[in-house]
Amino acid sequence: MAEQEEMMPTQDAERQGQVADGDCAETQDQALALRGPGNQDQTTDMIPVAAVDQLQQSVQQISKDDAHASHHSGHPSVDISENPPSTSQQPPTRHVASGAQGCSAPKKMKLDSPAQDAADCCQKDLKWYYRMTGSFVDLIPWFGDDRKHILDIYTKLQLILGKDKVMLTSYDDILLLKTKEGELIPIAVLTGLAGRGKTTLFNKIAYDWAVGSSQVLQKYKLVFLLKMHALEQSSDLVDAVFDQLLAKDVSIERGALDMFIKNSPGKVLVLLDGFDELMTTTLCESSFGSILEILSGKVLRGCTVLVSTRPSHFDRLVSKELVQDPFAHVRVLGFSSKDVTEYVNKFFTGEPDKAKGLLEKIESSHLLSTLGKSPMLLLLMCVLWREDCTLQETMSRLYSDGVSYIFKRKGLDSQHEVSKVMIEIGKVALHGLLSPDQSLSFKESDFKFEPSVLDLALKAGILTRQRVRKRLQSHNSVQFIHKTFQEFSAAAYLQSLLEADPEEFQKILNEIMTKGARRFEYLLRFCCGDNEACTYEILKVFQVRCQEELSFKSKMGQLALHCYFEGQSKRLPPEELIQSFIADQITIKHLDRDCLNSVTYFLKCVADQTRDSGNAYLAKVQKFCSFTCNLRWCVEDFAFAMCAMKNLYAVLLTSCSLTGSNMADIAKSLRDLSNLGKLEVFLNNLGGTAALWCMHLKEFKTLTKLALSYCSLTEQDIKNIAESLMDLPNLGELGFAHNKLGGTAALWCMHLKQLKSLTKLDLGGCSLNGPDIKHVAESLRDLPNLVELDLSRNHDLGGTAALWCMEVKQLKSLTKLGLGSCSLNGQDIKHVAESLGDLPNLGELNLNGNNLGGTAALWCMHLKQLKSLTKLNLISCSLNGQDIKHVAESLRDLPNLGQLNLSDNYDLDGTAALWCTEVKQLLHLQRLDLNRCPLTEEDKNHINESLTDLKKNGLVIAMKP
């Protein structure tokens, strides 16, 4: 009984009301919260010295020793109701709490009116309460009975306004928002997930008003902070103030206070904390009391109202029955990434390596990053990391460790006893989750089992209990410390149910899937945790009910794989489910570490458990693609799975954060695949590492294409790779685009001579200079099959063509040449065009993005010699009307020219009459592009009229604005 009494707050503590929101919004609510911008924070208001002096003169000062005795030091802690330790860099300014006697025994004095008397007395009692009991908050339950002053634990918050996502600097900004007509907006709805700081924010507003530290709040005579979990739809404002805030023996006339509020609504600020916890679940407008009528604007127009809720209840609050425009919507995002970093560093003061390790772990996981925004869950991660610098990979094991720790802190280390408690309270938890409004708050009478179980859960801190008073009646409200712990215990009950009553288990599982599997993501994942039987049953239901939605890229498919990963089962999923994921092409895209863990585990298990049967599932895979997935953490498992893809033909790895050793693992896994034809690796930092993995390339005998673009490769890397490729008989395409190789070609180009089967070479964007191009062209001239050479985006080639164009002239088999965006000038183009006249097969020439305005007369006549040319690109070359005329004149004798692209030349407005006649002579032209050229209507008329005959012969003209 002593322990039970210890968990029961005093009446003052009840007023203070620091409990958790007790919920965590659904997955879609999480995505809503995770998409907001995030690095600014709310600032803590500081008290002017004058304000402190005034308080000290008007009230009795509390002993500094007594105030100090109520605090203690240690690791930073957070209040279960969203209160983390302060992360401010400056020590907080403490307000001197007064010892005012409230209004229990008011002095006799002349008062202007009964209403004013009541307001004065109410203000005095409220300020005493907010400064005294209300200024202290209870810390996390399993840390004992610690209480801290709000200034010691208040942390900065992120406040985001409306659809435009405007970052607010403080709550003052909310109270100053105006309509287009210049009127103050009377109502603000604050939404946020559990543990994000809504309750703490309201406590801070009330405290700042009581001590006079906010100028904006000084216009309010009365500030009422009400907990909505103690309210019904019929609740009256004045009654609720007496029930929740004022002392029992206060000498205030209810009618007089009501009169002041009605006569002076502009002097009243109402803070309604937790609309989602309103006791009434089905609203009826005719039964509304004054509190809901204030929200609907039917009474007390002119007063200011801030109301908080979970995002899932926003539509219920903002409706035609309740809040309507004008109102402000402010999202409370809790900890920012910066706050998480500061918090962890503060927790591990003196242990920077531990702090760094945990932060890296959190940042690598979307799940942990999401949980870390809740101060309470971040503290739990810190506590678990402190033990041995590890966090479990599965969510189920992470929470299992957390539950064990919570019970052990209270001396309850019997695993059997802990399991019994979790299953028993899990039955109530599950009933709440499946209720229409997802109940997160319960009465003691809901826990219909032996009292000792409830006592143990309360003693450990898995459950919290708070006294809720309604007029002369009261009851204990019981909540889980966080919605995820409610889901974890509900899953424990579900697991026990599969063994005890399989039919009931299936019935509940079907109900969950009917309501929406993603709505119950954590419940399903927890239910699978280290339980093979539950995992298999849940995956069977996924297959039957969600078959069309199962894929690596779908949220439903990812949830199914999360469930399989949580189960850590040695048994494969149902065959139909495996086939839903594994097709001839596997593509994974934008997956965080949590999803990658699940995908990798699934592929590894399929590969491992079917290898004796020839890997029938994975053998069907012909193409594997990964985009923007950090494979560094799981590359060995991926490599193992790729070994089983016996018919794999193409591998594409883009932005996968691969290192040299990762690349070695992948190359080893691919070298024995007899059908591998294409390997493309983009945007991975492999600079200086080729020596670790290039030797494996020698084994890729069937390889026809290798691309290593944007990989930070060095000249030594290119040399090593080129040497390794010499014996590949089928290699036709080779790409090294966008690796900085300027001035290095002499070191590696000679090895290109050995690639006799090479047909395409891409060296675009490699910072090559004139001498580099000369070396490369010299090395390529003996390759009989080379048909495409792309040298585009080498920006240092301006004025150098005379140095290398004669070497390019020797590439007799060339059919396509790219020289776009090379800073070439008119003289360069002259040299190039002269040299290309001897290439009998050149069909496509790309000169895009070179500034050639006003120079066409210098080089256009040489285009006449390109008799095999089929396509000429002159996009964005700053050509003017006269240039187009010269070009068209030179092209009219080319019998094969089918495409001419002149898009993005911005100096052509009003010039069409000058060159249309020449274009008309291009009798074989099938497509003319003039997109985004500033043509006038007159220009367009000239073009359409002049080219009528060509259009009849199939010419397509593109003139998009």
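Note that this is a predicted model, so its numbers are computed, not measured.

Undergrad: Mind showing me how you'd approach the pattern of salt bridges here?
TA: Side chains that carry opposite charge are capable of pairing whenever their charged atoms lie near each other. The tally for this structure, following the rule as stated, stands at 29 salt bridges. For K227, the salt bridge is made with D273, and the minimal N-O distance between the two is 3.2 Å. Taken as a pair, K227 in strand β6 (residues 222–227) and D273 in strand β7 (residues 268–273) lie far apart in primary sequence, 46 residues in all. Accessibility expressed as a relative area gives 5% for D273, which makes it buried. Notably, a salt bridge pairs E778 with K774, separated by 2.8 Å at the nearest N-O pair. Within this pair, E778 and its partner K774 are both found in helix α33 (residues 770–780), separated by four residues, close to a single helical turn. When salt bridges that share partners are traced, they join E680, K705, E733, K760 and E788 into one network.

Undergrad: Teacher, can you tell me more about unusual backbone geometry here?
TA: The bulk of non-glycine residues show a negative phi, and the bulk of peptide bonds are trans. The omega torsion across D325 and P326 is 0°, close enough to zero to call that bond cis. For P326, the location among the structural elements is in the loop between α13 (314–317) and β9 (328–332). Although it is not a glycine, Q568 sits at a positive phi angle of roughly 45°. When you line up the elements, Q568 lands in the loop between α25 (555–567) and α26 (575–581). According to the relative accessible area criterion, Q568 is partly exposed, its value standing at 24%.

Undergrad: Sorry if this is basic, but what is going on with the side chain of S868 here?
TA: Along the chain, S868 falls in the loop between α36 (856–859) and β23 (871–873). Classification of S868 by relative accessible area gives buried; the value is 19%. Of the polar contacts made by the side chain of S868, one reaches the backbone oxygen of L842; its length is 2.6 Å. Discounting chain neighbours no more than four positions away, the residues touching S868 are L839, P840, N841, L842, G843 and N896.

Undergrad: Help me understand the nonpolar core, please; the structure alone is not making it clear to me.
TA: Across soluble globular proteins, you tend to see nonpolar side chains buried next to one another. Formed by 227 residues in total, the largest nonpolar core has its most connected members in I425, F542 and I721. The element contributing the most residues to this core is helix α17 (residues 375–388), with 10 residues. Not counting residues within four places of it along the chain, the set of residues in contact with I425 comprises F447, F449, V453, A457, I462, L463, F480 and S489. Y129, A188, C303 and V307 belong to the second largest nonpolar core, which has 75 residues in total.

Undergrad: Explanation requested: the environment of L430 in the structure shown.
TA: Here L430 shows up in helix α19 (residues 415–434). Accessibility expressed as a relative area gives 3% for L430, which makes it buried. With 56 residues separating them in the primary sequence, L430 and Q486 have C-alpha atoms 7.8 Å apart. If near-sequence neighbours (up to four positions away) are discounted, L430 is found in contact with A490, Y493, L494, I508 and L523.

Undergrad: So what exactly am I meant to see when it comes to the packing of aromatic side chains here?
TA: Geometrically, a pair of aromatic rings is defined through the distance of the ring centres and the angle of the planes. Using the criterion set out here, one finds 18 aromatic pairs in the structure. Ring geometry for Y129 and Y130: centres 5.6 Å apart, planes at 45°, overall tilted. Judged by relative accessible area, Y130 falls into the buried class, the value being 2%. A ring pair is formed by Y399 and F485, whose centres lie 5.1 Å apart and whose planes are at 55°; its orientation type is tilted. Of this pair, Y399 sits in helix α18 (residues 395–409) while F485 is found in helix α21 (residues 483–500), placing the two residues 86 residues apart along the sequence. Take Y399: its relative accessible area is 2%, and that puts it in the buried class. A relative accessible area of 0% places F485 in the buried class. Here the aromatic cluster, defined as three or more aromatic residues joined through ring pairs, consists of F552, Y564, F565, F581, Y601 and F602. Sitting over the ring of F627, K589 keeps its end group 5.6 Å from the ring centre. Looking at R593, its charged tip hangs above the ring of W633, at a distance of 4.4 Å from the centre.

Conventions and cut-offs
Residues numbered from 1 in each chain as written. Predicted model: local features only at pLDDT ≥ 70, side-chain atom pairs only at ≥ 80, totals over all residues. Heavy atoms only, no water. Salt bridge = Lys/Arg side-chain N within 4 Å of Asp/Glu carboxyl O. Helix = DSSP H or I, 4+ residues; strand = E, 2+ residues; numbered from the N terminus. Buried < 20%, exposed > 50% of the residue type's maximum accessible area, 1.4 Å probe, protein only. Polar contact = N/O pair within 3.5 Å; in protein donor to acceptor, adjacent residues only side chain to side chain. Contact = heavy atoms within 4.5 Å. Core = buried A, V, L, I, M, F, W, Y, C linked by side-chain atoms within 4.5 Å. Phe/Tyr/Trp six-rings, centres within 6.5 Å; stacked < 30°, edge-to-face > 60°. Lys NZ or Arg CZ within 6 Å of the ring centre and 35° of its normal.

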